[in-house]
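Chain by chain, the residues:
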Amino acid sequence: EVQLVESGGGLVQPGRSLKLSCVASGFTFSNYGMNWIRQAPGKGLEWVAYISSGSSYIYYAETVKGRFTISRDNAKNTLYLQMTSLRSEDTALYYCAKEGYGYYSSYIYSWGQGVMVTVSS
Amino acid sequence: DIQMTQSPASLSASLEEIVTITCQASQDIGNYLSWYQQKPGKSPQLLIHSATSLADGVPSRFSGSRSGTQYSLKINRLQVEDTGIYYCLQHYSAPYTFGAGTKLELK
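Residues numbered from 1 in each chain as written. Chains lettered and ligands numbered in written order. Predicted model: local features only at pLDDT ≥ 70, side-chain atom pairs only at ≥ 80, totals over all residues. Heavy atoms only, no water.

Here we come to the interface of chain B and chain A. With 18 residues of chain B at the contact, the number on the chain A side is 23 residues. Interface area, chain B with chain A, both sides summed: about 1700 Å², of which 62% is carbon and sulfur. For the pair chain B and chain A, the number of links is 0 salt bridges. Connecting chain B to chain A are 7 residue pairs in polar contact (both at pLDDT 80 or more). Elements with a contribution of two residues or more to the side of chain B that touches chain A: strand 4 (33-38), strand 5 (45-49) and strand 9 (84-90) of chain B. The element best represented in the side of chain B that touches chain A is strand 4 of chain B, accounting for 3 residues. Partitioning the side of chain B that touches chain A into residue classes produces 10 nonpolar, 7 polar and 1 charged. (Contact = heavy atoms within 4.5 Å. Buried area = accessible area lost by both parts, 1.4 Å probe. Salt bridge = Lys/Arg side-chain N within 4 Å of Asp/Glu carboxyl O. Polar contact = N/O pair within 3.5 Å; in protein donor to acceptor, adjacent residues only side chain to side chain. Helix = DSSP H or I, 4+ residues; strand = E, 2+ residues; numbered from the N terminus. Nonpolar A, V, L, I, M, F, W, Y, C, P; charged D, E, K, R; others polar.)

What follows concerns the nonpolar core. Ranked by size, the top nonpolar core spans 66 residues in total, and within it W36, I37, L79, L81, M83 and Y94 of chain A together with W35 of chain B carry the most contacts. Excluding residues that lie within four positions of it along the chain, L81 of chain A makes contacts with L18, K19, L20, W36, V48, F68, T69, I70 and Y94 of chain A. (Core = buried A, V, L, I, M, F, W, Y, C linked by side-chain atoms within 4.5 Å. Buried < 20%, exposed > 50% of the residue type's maximum accessible area, 1.4 Å probe, protein only.)

Okay, the state of the cysteines next. Residues and elements named next belong to chain B. What the rule picks out here adds up to 2 disulfides over all chains. At a sulfur-sulfur separation of 1.9 Å, the disulfide partner of C23 is C88. Its torsion about the S-S bond being -85 degrees, the disulfide of C23 and C88 is classed as left-handed. Within this pair, whereas C23 is found in strand 3 (residues 19-25), its partner C88 is found in strand 9, the two being separated by 65 residues in sequence. With respect to class, C23 is no different from C88; both count as buried. (Disulfide = S-S within 2.5 Å.)

Residue and element names in this part refer to chain B. Where strand 3 and strand 8 (residues 70-75) come together, 6 bridges link them in antiparallel fashion. By the bridge assignment for strand 8, V19 is matched with I75. Pairing of strand 7 (residues 62-67) with strand 8, which is carried by 6 bridges, proceeds in the antiparallel orientation. Residue pairing for strand 8: R66 is matched across the bridge by Y71. Where strand 7 folds back onto strand 8 in an antiparallel hairpin, the turn is made up of 2 residues, including G68, whose phi is positive at roughly 65 degrees. (Pairing = 2+ DSSP bridges.)

On to the pattern of salt bridges, then. Two side chains bearing opposite charge may form a pair once their charged atoms approach each other closely. All names here are of chain A. On inspection of all chains with the given rule, the structure shows 9 salt bridges over all chains. One salt bridge connects R38 with D90, and the closest N-O pair in it is separated by 2.9 Å. Note that R38 is positioned in strand 4 (residues 34-39) and D90 in the loop between strand 8 (78-83) and strand 9 (92-102), a separation of 52 residues in sequence. The burial state of R38 is the same as that of D90; both residues are buried.

Printed below as a string of structure tokens:
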């Protein structure tokens, strides 16, 4: 069974930094692309960042580009999101999400339970 | 960037009714379209991937279809447990984009 367990969230002041982690189990982590997706309170889903299985391909949403860095350690089965210059609009529940592959397609196969990040003074 | 226009924003339907939710992509995304259900306080769950493939463990009353750049999620014979918010996602080209969501309630 796929398990994704996020950690590292909390209350942080605007302009400060925070690093999220996601420990994966139940699948061969090094074979799959991974994503961070967030959901502001009462709002819809927003894709944040993607990293390919071997870290060769990395993409970001425009809203976080230049401030957030996605990375992974395949030896530790762990995905990271380093967040800097945090803003109030970054307040959200952050999900770690595993990619799935279909016939000429890819999608989000599984989600973690999410970790809350609150940016406030 | 690819825009996903999801409709309706909200929907109230009766038990056993047929429900359809659509997502219109702003450009060709092939089969890189998936559907998710989210219940209050829970993580989203995959329903349909590759536009038309039912995810493991999902009831067969859920189905997905595609007509060009328009994608639909159909729920046959709506059940109580089907209430929640439904999202589509295009995973064809970054930035990946979700539809705005459809809140499905029982009438």
